[in-house]
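The primary structure of each chain is shown beneath.
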Amino acid sequence: MNLPQHVRLVEVGPRDGLQNEAQPIAVADKVRLVDDLSAAGLSYIEVGSFVSPKWVPQMAGSAEVFADITAHPGVTYAALTPNLKGLEAAIEAGVKEVAVFAAASEAFSQRNLNCSIGESLARFAPVMELARQHGIQVRGYVSCVLGCPYEGQVAPQAVAQVGRELYAMGCYEVSLGDTIGTGTAGATRALFEAVGREVPRERLAGHFHDTYGQALSNLYAGLLEGISVFDSSVAGLGGCPYAKGATGNVASEDVLYLLDGLGIHTGIDLDRLIAAGQRICDVLGRANGSRVARARLAARG
Ligand code: HMG
Ligand code: MG
């Protein structure tokens, strides 16, 4: 079994996790979450989004969050930017890395970005150019890679095409998002095989929502395909406002437990990660979505 020796976890809890919360969350609580995650040893944290506050009200305070976090050396703090306006706001807030996001299904693209896939890619071109001028690295997302809430099945070829375009326009990494968490391990392997023909595997990442409880096995399927970057959310927080019923990402604690068990190095401290997740769950009044965290906390009594 040839698994990667190192895995980079992209912690999306403060963004993907919190974007879906209806209740207001104080900037100080968001900042505390990011600081706790930095202290736990995460090397990449998606802090927020510079999107329309009418579309995703919870991310409206992202500039303030960026202003108040304590940046740890060697940690990347990133934000989503769907268009030039978003990137300009991110630059103003001192953000050093951003992500653009497209979809593999037309219907989801319309709901999430109010435009077609082609229009979204065209919109990203000036974003890439401005980012380049500012020395900002851009990550790319493709949503609905293993199913769409509006169109159902999505062909791996459709994902590969969008992934190839994002990579060609300069995204240094393309994260494949199972937005609605319906994918299974076999489909995940086939997906990475198809997209891996267009984008080098070391430039691909997996982003698995856990709606159907398959995220951890899909992630393992990704490891078997040689993928070594995965997005996860502390305490399994999250969902997508434009994918009704979709639950959070695979829990970072559960992924870390899996990777620790495989002897794969991440540099993350599980106990501190569990504490970070439980703290934000207490703030939100939510049950902890990490099985590992629940077990460890219950065992402590
Ligand atoms: P639109 O309505 O077509 O945009 O939305 P517009 O250009 O016509 O502008 C409309 C209004 O929005 C204007 O304000 C603009 O100024 C403002 P008004 O004149 O009405 O007062 N506006 C902005 N404000 C702040 N920041 C901006 C911005 N852009 C325009 N950047 C738009 C198009 C892209 C803006 C909208 O559709 C949007 O914000 N979408 C974001 C949706 C989103 O954040 N979804 C969740 C993240 S993606 C995700 O979760 C999936 C992922 O996790 C992977 C996976 O799981 O699959 C990444
Ligand atoms: Mg997501």
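Residues numbered from 1 in each chain as written. Chains lettered and ligands numbered in written order. Predicted model: local features only at pLDDT ≥ 70, side-chain atom pairs only at ≥ 80, totals over all residues. Heavy atoms only, no water.

1. What about the nonpolar core?
Burial of nonpolar side chains together is a common tendency in soluble globular proteins. In this structure, Val142, Val159, Leu166 and Leu176 are the most contacted members of the largest nonpolar core, which totals 87 residues. Per-domain counts for this core show at least three residues from each of domain 1 (12-86) and domain 2 (96-228). In this structure, Val142 is in contact with Ala102, Ala103, Ala104, Val159, Val162, Gly163, Leu166, Val174, Ser175, Leu176 and Gly177, ignoring residues within four places of it in sequence. Ranked by size, the runner-up nonpolar core spans 13 residues in total, among them Val10, Ala99, Leu113 and Ala205. (Core = buried A, V, L, I, M, F, W, Y, C linked by side-chain atoms within 4.5 Å. Buried < 20%, exposed > 50% of the residue type's maximum accessible area, 1.4 Å probe, protein only. Domains from an automatic or database assignment. Contact = heavy atoms within 4.5 Å.)

2. Thoughts on the state of the cysteines
For the coordinates displayed, the defined rule picks out zero disulfides. Here Cys171 is not disulfide-linked; the sulfur of Cys115 is the nearest cysteine sulfur, at 15 Å. (Disulfide = S-S within 2.5 Å.)

3. Structural notes on the layout of surface pockets
In this structure, the largest pocket occupies an estimated 680 Å³ of space. Lining the largest pocket are 37 residues, with Val51, Val56, Pro82, Phe101 and Asn112 sitting closest to its centre. Elements with a contribution of two residues or more to the lining of the largest pocket: α1 (13-17), α3 (62-68), α4 (84-92), α5 (106-113) and β5 (137-143). Along the lines of polarity and charge, the residues of the lining of the largest pocket split into 19 nonpolar, 14 polar and four charged. Shared between two domains, the lining of the largest pocket holds at least three residues of each, these being domain 1 (12-86) and domain 2 (96-228). When its volume is computed, the second largest pocket comes out at roughly 310 Å³. Asp210, Ala251, Asp254, Gly289 and Arg291 are, among the 20 residues lining the second largest pocket, the residues nearest its centre. (1 Å grid on protein atoms, 1.4 Å probe; cavity = no way out; pocket = protein on both sides within 12 Å on 5 of 7 lines; lining within 4 Å. Points joined across faces, edges and corners; volume = space filled by probe spheres on them. Helix = DSSP H or I, 4+ residues; strand = E, 2+ residues; numbered from the N terminus. Nonpolar A, V, L, I, M, F, W, Y, C, P; charged D, E, K, R; others polar.)

4. Some details on the coordination of the magnesium ion (ligand 2)
Every protein donor of the magnesium ion (ligand 2) is accounted for by Asp16 (OD), His207 (NE2) and His209 (NE2), and the metal-donor separations fall at 2.1 to 2.3 Å. For Asp16, a relative accessible area of 2% corresponds to the buried category. (Donors = N, O, S within 2.8 Å, 3.2 Å for Na, K, Ca; no water.)

5. Brief notes about the domain arrangement of the chain
Splitting the chain by domain gives domain 1 (12-86) and domain 2 (96-228). Taking only C-alpha atoms into account, the centre of domain 1 sits 20 Å from that of domain 2. Contacts between domain 1 and domain 2 engage 16 residues on the former and 20 residues on the latter. Seen at the junction of domain 1 and domain 2, the total is zero salt bridges. Counting across the interface, domain 1 meets domain 2 through seven residue pairs in polar contact (both at pLDDT 80 or more). Of all elements in the fold, only α1, β2 (44-49) and β3 (76-80) reach the threshold of two or more residues within the side of domain 1 that touches domain 2. For the side of domain 1 that touches domain 2, the element with the most residues is β3, which contributes five residues. Within the side of domain 1 that touches domain 2, the residues separate by chemical class into 10 nonpolar, three polar and three charged. (Salt bridge = Lys/Arg side-chain N within 4 Å of Asp/Glu carboxyl O. Polar contact = N/O pair within 3.5 Å; in protein donor to acceptor, adjacent residues only side chain to side chain.)

6. Considerations on the site of ligand 1
By nearness alone, 28 residues border ligand 1, and Gln19, Lys54, Asn114, Ser143 and Thr179 come closest of all. Interatomic distance of 3.0 Å between a backbone N/O atom of Phe50 and a nitrogen atom of ligand 1. The fraction of the free accessible surface of ligand 1 (1,100 Å²) that becomes covered by protein chains is 75%. For the shell around ligand 1, the elements supplying multiple residues, two or more each, are α1, α4, α5 and β5. Among the residues forming the shell around ligand 1, the class breakdown is 12 nonpolar, 11 polar and five charged. (Near = heavy atom within 4 Å. Areas by Shrake-Rupley, 256 points an atom, 1.4 Å probe, with all protein chains shown as cover.)

7. A short note on the packing of aromatic side chains
Overall, the coordinates contain two aromatic pairs when judged by the stated rule. In this structure, Arg139 is placed above the aromatic ring of Tyr44, and the distance from its NZ or CZ to the ring centre is 5.8 Å. When the ring centre of Tyr141 is taken as origin, the NZ or CZ atom of Arg139, which lies over that ring, is 5.4 Å away. (Phe/Tyr/Trp six-rings, centres within 6.5 Å; stacked < 30°, edge-to-face > 60°. Lys NZ or Arg CZ within 6 Å of the ring centre and 35° of its normal.)

8. Observations concerning helix α7 (residues 156-168)
The end-to-end C-alpha distance of α7 is 18 Å, a good match for the 18 Å that 13 residues give at a rise of 1.5 Å each. Tucked inside the fold, the buried residues of α7 contact β4 (97-103), α6 (117-133), β5, β6 (173-178) and α8 (185-196). One or two steps after α7, the chain reaches Gly170, where phi turns positive at roughly 120°. (Expected span 1.5 Å × (residues − 1).)

9. Notes on the pattern of salt bridges
When the charged atoms of two side chains lie near each other, side chains of opposite charge can form a pair. Per the counting criterion, the structure on display carries 14 salt bridges. With a shortest N-O distance of 2.8 Å, Arg139 and Asp231 are connected by a salt bridge. On the criterion of sequence distance, the pair formed by Arg139 in strand β5 and Asp231 in strand β8 (residues 229-232) is long-range, its members being 92 residues apart. For Asp271, the salt bridge is made with Arg296, and the minimal N-O distance between the two is 4.0 Å. Highlighted residues: Asp271 in helix α11 (residues 270-284) and Arg296 in helix α12 (residues 291-300), separated in sequence by 25 residues. Given a relative accessible area of 43%, Asp271 falls into the partly exposed group. On the accessibility criterion, Arg296 (35% relative accessible area) is partly exposed. Shared partners join several salt bridges into a network, and the residues in it are Arg8, Arg139, Glu173 and Asp231.

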